[in-house]
Amino acid sequence: MTEPTTLRMGLIRKKPDWTDDAFRRHWRDSHGPLVAQLPALRAYRQNLVVDRLQRGIDFARGPWDFDGFSQLRFDAAAQADAAFTHGELAAAIRADEEHFLGALHIVTVAQTEVIALPPKPEGLLKRISLLRRPVAQSEEDFRREWRVHADHVRRMPGVSGYRQNVVTARELVKGTPCAHAELPIDGIVELWFENIDTLNAAFASPQGRVTMAHALTFLAEITAFVVQEHRVM
């Protein structure tokens, strides 16, 4: 495993009157280049949702319905807060978000790369899943069991890449911190496979069944999305 990296992730829904194509074009061609101008930004990925099926898993799905996930890396969390709060560029970003987004939640995550991606991951299928722990389970117990879970996923066949993103802070409304009860997402999974068949085969394998049996011991919900990743920078 690599040392954790701090990221800000945006959980995005388009405005209802925007078509999927219009949302996709504006997010990629207009909003992306605008955000990329932030001086302290080191990496920026857009993940467009293309499939909302659980695929390969038989698990309770949460209420979340998003159209995309943004991932932004800064050198420090304080730089991210300042970048989105002060100055003309921050104001332009906020105005554009109000123009095309119906909802935007922000989570800060500590990202750990469990299975490194191949040098050229283009063309792989990527899945992002939102995790919620049971109400009676502590945050500490969830994080400990998720680390154990990483060893199960490592042994699954056909996994091309795997990252764990532990949620450390939440903003139901961008810029306003909120409690866990207002945005009950504890972790975000990134998994890569060669294709849908490889994904299904991985979870149908004996080790895949062991992995999901362990998931039942520490997770209440898994909400999965297949995404297309676009590397803005």
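Residues numbered from 1 in each chain as written. Predicted model: local features only at pLDDT ≥ 70, side-chain atom pairs only at ≥ 80, totals over all residues. Heavy atoms only, no water.

A. Local environment of the overall build of the protein. When its secondary structure is counted, the protein shows 6 helices and 8 strands. When the helices and strands of the protein are listed from N to C terminus, the series reads β-α-β-β-α-α-β-β-α-β-β-α-α-β. Overall size of the protein, expressed as C-alpha extent along the three principal axes, is 55 × 35 × 35 Å. For the protein, the proportion of its 233 residues judged to be buried stands at 53%. Taking the intrachain contacts of the protein between residues at least 6 apart in sequence as the baseline, contacts between residues at least 24 apart amount to 82%. Here the protein displays about 10,900 Å² of accessible surface, and carbon together with sulfur accounts for 52% of that area. Computed over 29 positive and 30 negative side-chain charges, the inter-centroid distance for the protein is 2 Å. (Helix = DSSP H or I, 4+ residues; strand = E, 2+ residues; numbered from the N terminus. Buried < 20%, exposed > 50% of the residue type's maximum accessible area, 1.4 Å probe, protein only. Contact = heavy atoms within 4.5 Å. Areas by Shrake-Rupley, 256 points an atom, 1.4 Å probe, with all protein chains shown as cover. Lys, Arg positive; Asp, Glu negative; His and termini not counted. Charge placed at Lys NZ, Arg CZ, Asp CG, Glu CD.)

B. Region of the structure containing the layout of surface pockets. Empty space within the largest pocket amounts to approximately 310 Å³. As for the largest pocket, its lining consists of 17 residues, of which Arg94, Glu97, Val173, Lys174 and Gly175 are closest to the centre. Among the secondary structure elements, those contributing two or more residues to the lining of the largest pocket are helix H2 (77-83), helix H3 (88-100) and strand E4 (101-115). The dominant element in the lining of the largest pocket, judged by the number of residues it contributes, is E4, at 4 residues. (1 Å grid on protein atoms, 1.4 Å probe; cavity = no way out; pocket = protein on both sides within 12 Å on 5 of 7 lines; lining within 4 Å. Points joined across faces, edges and corners; volume = space filled by probe spheres on them.)

C. Layout of helix H5 (residues 196-204). Every buried residue belonging to H5 is among Thr198, Leu199, Ala202 and Phe203, and all of these are buried. Across the axial projection of H5, the buried residues extend over an arc of 125°, all falling on one side. Next to the buried residues of H5 lie strand E5 (125-132), strand E7 (187-193) and helix H6 (206-215). With a side-chain oxygen positioned 3.1 Å from the backbone nitrogen of Asp197, the residue opening H5 is Asn195. (Arc of directions from axis to C-beta. Polar contact = N/O pair within 3.5 Å; in protein donor to acceptor, adjacent residues only side chain to side chain.)

D. Region of interest: the pairing of strand E1 (residues 5-14). Counting buried residues in E1 gives 7 out of 10 residues, a clear majority hidden from the surface. Two elements, E1 and strand E3 (residues 68-74), share 6 bridges in a ladder whose sense is antiparallel. The residue bridging Met9 from the neighbouring strand is Gln71, located in E3. (Pairing = 2+ DSSP bridges.)

E. Just the pairing of E5, in detail. Most of E5 is tucked away: 8 of the 8 residues are buried. With burial as the criterion, each face of E5 is covered, one bearing Leu125, Arg127, Ser129 and Leu131 and the other bearing Lys126, Ile128, Leu130 and Arg132. One ladder, built from 7 bridges, connects E5 with E7; its direction is antiparallel. Among the inter-strand pairings, Lys126 is bridged to a residue of E7, identified as Trp192. Sheet analysis places E5 next to strand E8 (residues 221-231), joined by 7 bridges and oriented antiparallel. In the sheet register, Lys126 faces E8, and the bridge partner there is Val227.

F. Looking closely at the side chain of Asp96. Turning to its location among the elements, Asp96 is positioned in helix H3. Comment: no salt bridge for buried Asp96; closest opposite-charge side chain is Lys15, at 9.8 Å. A polar side-chain atom of Asp96 sits 2.8 Å from a polar atom in the side chain of His26. Non-local contacts of Asp96, meaning those with residues more than four positions away in its chain, are made with His26, His31 and Leu34. (Salt bridge = Lys/Arg side-chain N within 4 Å of Asp/Glu carboxyl O.)

G. The arrangement of the sheet that holds E8 in detail. In space, the 8 strands of this closed barrel follow the order E1-E3-E2-E8-E5-E7-E6-E4, with antiparallel pairing throughout. Within the sheet, the average angular offset between the axes of one strand and its neighbour, ignoring direction, is 35°. With 10 bridges joining them, E1 and E4 adopt antiparallel strand pairing. Bridge pairing links Arg13 to Ala103 in E4. Packing of helix H4 (residues 139-154) onto the sheet brings it into contact with E4, E5, strand E6 (161-171) and E7, and relative to E6 it is tilted by some 165°. (Axes fitted to C-alpha atoms, helices over the stretch in contact; angles between N-to-C directions.)

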